[in-house]
Amino acid sequence: MIKKKVTIVNDAGLHARPAAAMVKLASNYESDFYIHMYGYKVNGKSILGVMTLAAEKGAELELEVDGDDEEEALEAIIELIDSGFGEVYEDDEQ
Amino acid sequence: MKTMNSKKDGDMILSGVPGAPGIVIGNASIYKRRLPSVSEAFVSDGQIQHQLDEFQQARTKVEEELTQILDEQDEESTAELVRMQIEVIKDPELNKQVKQKIIDKNLTADAAVDSVFETYLRILKQNKAEDRSVDITDIRDRLIQVLHNYDLHDVADGAIIVANELSPREVIGFADQGAKGIVMDRGGVSSHAAIIARSMELPTVLGTQEGTSHITDDTQLIVDGRLGKVIVKPDEKTRKKYHEQIDKYRKVISEAKDICQSPNKTKDGVSFSLRANIEFVEELEAAKKYCAEGVGLLRTESIYLRKQNFKDVEEQLSFYTKILADTAPQPVVIRLFDAGGDKILDNNSVEQNPFLGWRGIRMLLDQQDLLEQQLTAICKAAADFKGRVRILIPMVSTLEHIHKVRTLLGSAQEKLRQDGIKVDESIQLGIMVEVPNVALQATLFAQHVDFMSIGTNDLTQYLLAVDRGNERISTLYDQRHPAIWQLIKNVSQAAKKEGVPLSVCGELASDPVSACCLVGMGIKDLSMNATALPAVKKALCTHKSSELTELTHKVLQTETIEQVNDLFSNWNNI
């Protein structure tokens, strides 16, 4: 089992579209995937669970992945979160 | 307010918001989404497996339905929603929890679904993340409907669906069955149902508020999706009028292809420009199809009406950028928020005379944050499309309005420069000529702007003192009125004298004979609903400029609207 902390960077937070994208990605992996946030723990492959977190921009999550392909899965999920789910505008980066 | 007008002897008319263009005549089919009345019965242990199977089958069916919608969906915002809904239906926790409820508590499948969704919806509400709960509720309702063997009721081919509100799934379901139009009590122009209706070319009127309580099954309706009107039980005369319009529309569409490809020139080679009035990204397709030379009027009110964070600069920027990228290298005339009047906003203030009240630039200058945001977004978008952006100020009635906007535009650009963002110095600033004093003082106003555009809809309303939304006096509202022609002539001469480009973006431009008259007057830049382009183009291409000038001379000599109508209907059989 591996764990890692990440911060949500996209403006809209983990709203419907990013949540759907993350759940879909996570479902491609065998490993179990959980998200811890401020004392809550939800199944990261459950969109309803992820959406109820209502994670805003700046929220800190702890990702917990457990299974044969855990490293691969964790890397992919972090990459998606760090990329801001394709939502960051160029002008913001200046 | 959206109201129901009823003339003593005439048609009953429901006013709403235009959702998807087009006109359709048909019989109403009232749809009330069956609220899932969940069974409270508990099942015996022997029944548990059956309930589990039922749930599994319902899940599969709903997932298949959604996947099919997704496959057929080009509109990205709707596709996103459907992808989210598919993830909900596949949600492993949801699946597990429903099964547990059935097994542990002997619940029926529908009761278990209802109970599990209830918990999630409650947490979403607690965590103030309700923005998607409508779409999640839609999935719950659909699952329960399937468990009850309940499908969308059958509708006759050509039916008009009248509902409180529809989900995208329901719009597509009814369209597949042959429904030809939609009337919704609720829903905004940017609702997913409206977007889908537009992409499926189903004439739609939204926000009728009480449509479902006034209309009964099988009542004949005319849905005018262009004007946002529903005529209930139309009389013979009205039906005839609309049938003619529908025929005309069809004919034009069928001829459009041929005309579209030829250059915009009169028979003797005088060039003119025809552009599109649009409000939504989806309308660009029609603009392209009918060969519009760019966007002559980009309405931005829908941005304001969208609730989901659409007001902020970045969201606006992406909207303008999309339009500019898609219409390159043509110009795009962006009209600042023209709210007020018939376009109701969030505020609760009810004015005695909204059309003479706090609207257009009058409102924007009081809500300066909003205006600054819009100008910033437009300037940012313009940076990547140099020389193509024109900003149009609505409802201008004093020079001060122009000066203030110019100052704010300057500061918006200066701020961007300071932030190291490139700025397009060539953005043009123009005004809508729609208040009579501006038309009368056109020479003066022309000296302070880069371009002008005549909005004939409001100009007519203000010049003739006719509320164009008031059915009782609707016969007095006619954009072809002799006085309008006189006033347009005045503006046209002033613009010429001051060397300021002038266009017409009101409905008058979309009337083929009137368009000929405008070009005859020297106004060679016209903008209109894209679907009107082919007919106008045909009229202009098949005449010599001398014929157009002659028509203009004649119309300027008319005294009554009857004379104008006679002149127009006898003119070269257009």
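Everything discussed here concerns the structure shown above.
All values reported here derive from a predicted model rather than from experimental measurement.

Some remarks on the overall build of chain B
For chain B, the count of helices and strands is 23 helices and 17 strands. A separation of at least 24 residues holds for 67% of the contacts in chain B among residues at least 6 apart in sequence. Summed over all atoms, the accessible surface of chain B reaches about 25600 Å², with 48% contributed by carbon and sulfur.

So, the pairing of strand β3 (residues 40–43) of chain A
All names here are of chain A. As paired elements, strand β2 (residues 32–37) and β3 share four bridges and run antiparallel to each other. In the sheet register, I35 faces β3, and the bridge partner there is V42. Counting the residues in the hairpin turn of β2 and β3 gives two residues, including Y38, whose phi is positive at 40 degrees.

What about the state of the cysteines?
Residues and elements named next belong to chain B. For the structure on display, the rule yields one disulfide over all chains. Two residues share a disulfide in this structure: C260 and C291, whose sulfurs sit 2.0 Å from each other. On the sign convention where negative means left-handed, the S-S torsion of about 105 degrees between C260 and C291 marks this disulfide as right-handed. Of this pair, C260 sits in helix α9 (residues 236–261) while C291 sits in the loop between α10 (284–289) and β11 (295–298), placing them 31 residues apart in sequence. Distance from the sulfur of C541, which forms no disulfide, to the nearest cysteine sulfur (C516) is 9.6 Å. The class for C541 is buried, based on a relative accessible area of 18%.

Thoughts on the side chain of B:S527
All names here are of chain B. Secondary-structure assignment places S527 in strand β17 (residues 525–529). Of note is the side chain of S527, whose polar atom sits 3.4 Å from the backbone oxygen of R275. A polar atom in the side chain of S527 sits 3.5 Å from the backbone nitrogen of G296. In contact with S527, other than residues within four places in its own chain, are R275, A276, N277, G296, L297, V504, C505, G506 and A509.

A closer look at the packing of helix α4 (residues 109–126) of chain B against helix α5 (residues 133–147) of chain B
For any two helices packed against each other, one specifies the inter-axial angle together with the distance between the axes. Residues and elements named next belong to chain B. Between α4 and α5, whose axes approach to 10 Å, the crossing angle comes to 175 degrees. The orientation of α4 relative to α5 falls into the category roughly antiparallel. Packed against α4, whose contacting residues are A109, D110, V113, D114, F117, E118, L121 and L124, the element α5 presents S133, I136, T137, I139, R140, L143, I144 and L147 at the interface. Here the residues of the contact of α4 with α5 are counted per class, giving 10 nonpolar, two polar and four charged.

Let's talk about the interface of chain A and chain B
The interface is formed by 20 residues belonging to chain A together with 21 residues belonging to chain B. Scanning the region where chain A abuts chain B turns up one salt bridge. Ionic pairing is found between A:R17 and B:E80, a salt bridge with its closest N-O pair at 3.7 Å. Joining chain A to chain B, the criterion identifies five residue pairs in polar contact (both at pLDDT 80 or more). Every element with two or more residues in the side of chain A that touches chain B is listed here: α1 (16–27), β3, α2 (47–53) and α4 (90–93) of chain A.

Some points on helix α7 (residues 192–199) of chain B
Residues and elements named next belong to chain B. Of all the eight residues making up α7, seven are buried; the element is thus mostly covered by neighbouring parts of the structure. Buried residues of α7: H192, A193, A194, I195, I196, A197 and R198, and no others. Summarising the contacts, the buried residues of α7 are in contact with β3 (17–20), α2 (76–90), α6 (168–176), β6 (181–184) and β7 (204–206). Just downstream of α7 lies E201, where phi reads positive at about 55 degrees.

Here's the deal with empty space enclosed by the protein
Residues and elements named next belong to chain B. Taken as a whole and assessed by the stated rule, the structure comprises one cavity of 30 Å³ or more. Of the volumes computed, that of the largest cavity is approximately 30 Å³. What lines the largest cavity is L66, I69, V82, Q85, D138, S167, P168 and R169. Counting residues per element, the ones that place at least two in the lining of the largest cavity are α1 (48–71), α2 and α6. Its residues assigned to classes, the lining of the largest cavity shows four nonpolar, two polar and two charged.

Cut-offs used in this document
Here, residues in each chain are numbered from 1, in the same order as that chain's written sequence. Numbering of ligands from 1 and lettering of chains from A proceed in the order in which they are written. Side-chain atom pairs in this predicted model are given and counted only at pLDDT of 80 or more, local residue features only at pLDDT of at least 70, and totals for whole chains, interfaces and linings cover all residues. Only heavy atoms go into the side-chain values, all of them from the structure, while hydrogens and water stay out. Secondary structure elements are taken from DSSP: a helix is a run of H or I of four residues or more, a strand is a run of E of two residues or more, and numbering for both begins at the N terminus. Residue contacts are defined here by distance: any two heavy atoms, one from each residue, within 4.5 Å place the two residues in contact. Throughout, the Shrake-Rupley method with a 1.4 Å probe supplies accessible areas, and for residues the shown protein chains are the sole cover considered. DSSP calls a pair of strands paired once it identifies at least 2 bridges connecting them. By convention in this document, the label disulfide applies to cysteine sulfur atom pairs within 2.5 Å. For each residue, the accessible area found with a 1.4 Å probe, counting protein chains only, is set against the maximum for its type, and the residue is called buried under 20%, exposed over 50%, and partly exposed in between. Whenever two N or O atoms come within 3.5 Å, that pair is a polar contact, provided that in protein one can donate a hydrogen and the other can accept it, and provided that, for residues adjacent in sequence, both atoms are side-chain atoms. Note on geometry: axes are C-alpha line fits, over the in-contact stretch for helices, and angles between N-to-C directions span 0 to 180 degrees. Put simply, angles under 35 degrees are roughly parallel, angles over 145 are roughly antiparallel, angles from 65 to 115 are roughly perpendicular, and the rest are oblique. Under this grouping Gly is polar, as are all residues other than the nonpolar Ala, Val, Leu, Ile, Met, Phe, Trp, Tyr, Cys and Pro and the charged Asp, Glu, Lys and Arg. Note on definitions: salt bridges are taken to be side-chain nitrogens of Lys or Arg within 4 Å of carboxyl oxygens of Asp or Glu. Buriedness of a pocket was judged along seven lines, with at least five required to meet protein on both sides within 12 Å; pockets are open sets of points on a 1 Å grid over the protein atoms alone, cavities are sets where a 1.4 Å probe fits but cannot get out, and lining residues have an atom within 4 Å of a point. Grid points are joined across faces, edges and corners, and a volume is the space filled by probe spheres set on the points.

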